[in-house]
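# Structural characterization, general
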Protein chains: 2
Amino acid sequence: MVTNIDSDAFAFCETLTDAQDALAREILERASAKWPLRIMYVLAETKGPLRFSRLLERVEGISQKVLTQALRTLESDGLVTRTLYPQVPPRVEYELTPLGGELLLQVVALWRWIAERVPDFEKARARSAGATHISK
Amino acid sequence: MVTNIDSDAFAFCETLTDAQDALAREILERASAKWPLRIMYVLAETKGPLRFSRLLERVEGISQKVLTQALRTLESDGLVTRTLYPQVPPRVEYELTPLGGELLLQVVALWRWIAERVPDFEKARARSAGATHISK
DNA sequence: CAGCATCCTAGCCGATACTG
DNA sequence: CAGTATCGGCTAGGATGCTG
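Now for a look at the structure at hand. (Residues numbered from 1 in each chain as written. Chains lettered and ligands numbered in written order. Predicted model: local features only at pLDDT ≥ 70, side-chain atom pairs only at ≥ 80, totals over all residues. Heavy atoms only, no water.)

## A few points about the protein's contact with DNA strand D
Close to DNA strand D lie 17 residues, the nearest being Lys 65 of chain A together with Ser 53, Gln 64, Arg 82 and Tyr 94 of chain B. Backbone atoms, meaning sugar plus phosphate, form 59% of the atoms of DNA strand D positioned within 4 Å of the protein. Ser 63 of chain A places a polar side-chain atom, nitrogen or oxygen, 2.7 Å from a phosphate oxygen of DNA strand D. Here a phosphate oxygen of DNA strand D sits 2.6 Å away from a polar atom, N or O, in the side chain of Ser 53 of chain B. Elements represented by at least two residues in the surface near DNA strand D include exactly helix H5 (64-76) of chain A together with helix H4 (52-58), helix H5 (64-76) and strand S3 (91-96) of chain B. No other element matches H5 of chain B, which puts four residues into the surface near DNA strand D. Residues belonging to the surface near DNA strand D are distributed by class as follows: seven nonpolar, four polar and six charged. (Near = heavy atom within 4 Å. Polar contact = N/O pair within 3.5 Å; in protein donor to acceptor, adjacent residues only side chain to side chain. Helix = DSSP H or I, 4+ residues; strand = E, 2+ residues; numbered from the N terminus. Nonpolar A, V, L, I, M, F, W, Y, C, P; charged D, E, K, R; others polar.)

## With respect to the protein's contact with DNA strand C
Neighbouring DNA strand C are 17 residues; Ser 53, Arg 82 and Tyr 94 of chain A together with Lys 65 and Val 66 of chain B lie closest to it. What you see for DNA strand C is that sugar and phosphate hold 59% of its atoms within 4 Å of the protein. The side chain of Arg 51 of chain A places a nitrogen or oxygen atom 2.9 Å from a sugar or linking oxygen of DNA strand C. One of the backbone nitrogen or oxygen atoms of Pro 90 of chain A is found 3.4 Å away from a sugar or linking oxygen of DNA strand C. A total of four residues in the surface near DNA strand C trace back to one element, the largest contributor, which is H5 of chain A. Taken together, the residues of the surface near DNA strand C break down into seven nonpolar, four polar and six charged.

## Here we look at the sheet that holds strand S1 (residues 50-51) of chain B
Residues and elements named next belong to chain B. Taking strand neighbours across the sheet as the criterion, the three strands line up as S1-S3-S2 in an open arrangement whose pairing is antiparallel. If you trace the sheet from one side to the other, it starts and ends with S1 and strand S2 (80-85), each paired once. The pairing of S2 with S3 spans six bridges and is classified as antiparallel. Looking at S3, one finds that Val 80 is bridged to Leu 96. Relative to S3, helix H3 (residues 34-46) is tilted by about 90°, and along the sheet it contacts S1, S2 and S3. (Pairing = 2+ DSSP bridges. Contact = heavy atoms within 4.5 Å. Axes fitted to C-alpha atoms, helices over the stretch in contact; angles between N-to-C directions.)

Pasting the structure below:
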């Protein structure tokens, strides 16, 4: 029942310092989270800069507060740029960085892998609604 | 400044129903989250079944309650199996399913990709601690 | 327009105590 | 041993109002 996993598949984890490992896990978790992923996705679709209010419209269901917070985090992680045009009224544009675009591609690859197996996950859900596994 | 993203990279998203898309996003988010990932990681390292109490020891810092919850979710997602041996005292063993093992491999691939770019993220962090981007 | 500040609530999570 | 049950702190996040 054990999947045949190459024992070297996890070797890279050991080569990181604790701080680096923590950072990598953080980025992984954040980039897969609901709002950051949707935001990066919208920015990638647009293939160009997007104003704050456009993002607020296109990232469906997000509140202004959460959008602001998420963008700040994405910015400090180097995944998006924030450009302020000092006008009245002000204009602020957000855009994916190259690093952000590449990361998104990687996350989307995983997303797609999962999406292709959605039937498997649906089956698992249905099955687990039933029995308790008992052995002797 | 726009990363050159193949416009078909996201095509698969459109082929899913809303429910399937939601499920895929859920699995993605959960599998990348802190505790589920650590748990699957420990189970994969072990290459075999592991008792509840062993998991509690090896998944460092997790509480008994959260471990239980996470395992229930992993089980209902079809990523781990829970096998009860009706003894006194009871014995319960958890093990990665093939689907769980494969998913973990995919997540670890992404994790590794990020880990290799940790210096980039560190640089971004350092840079963002400084300036506001202003254009005219 | 692009936010910040405030209030408020649901849910996460740790700690502790109890049970089959 | 492998949980369930309960309390309590903390935080993510919505709603609303205000400002440069």
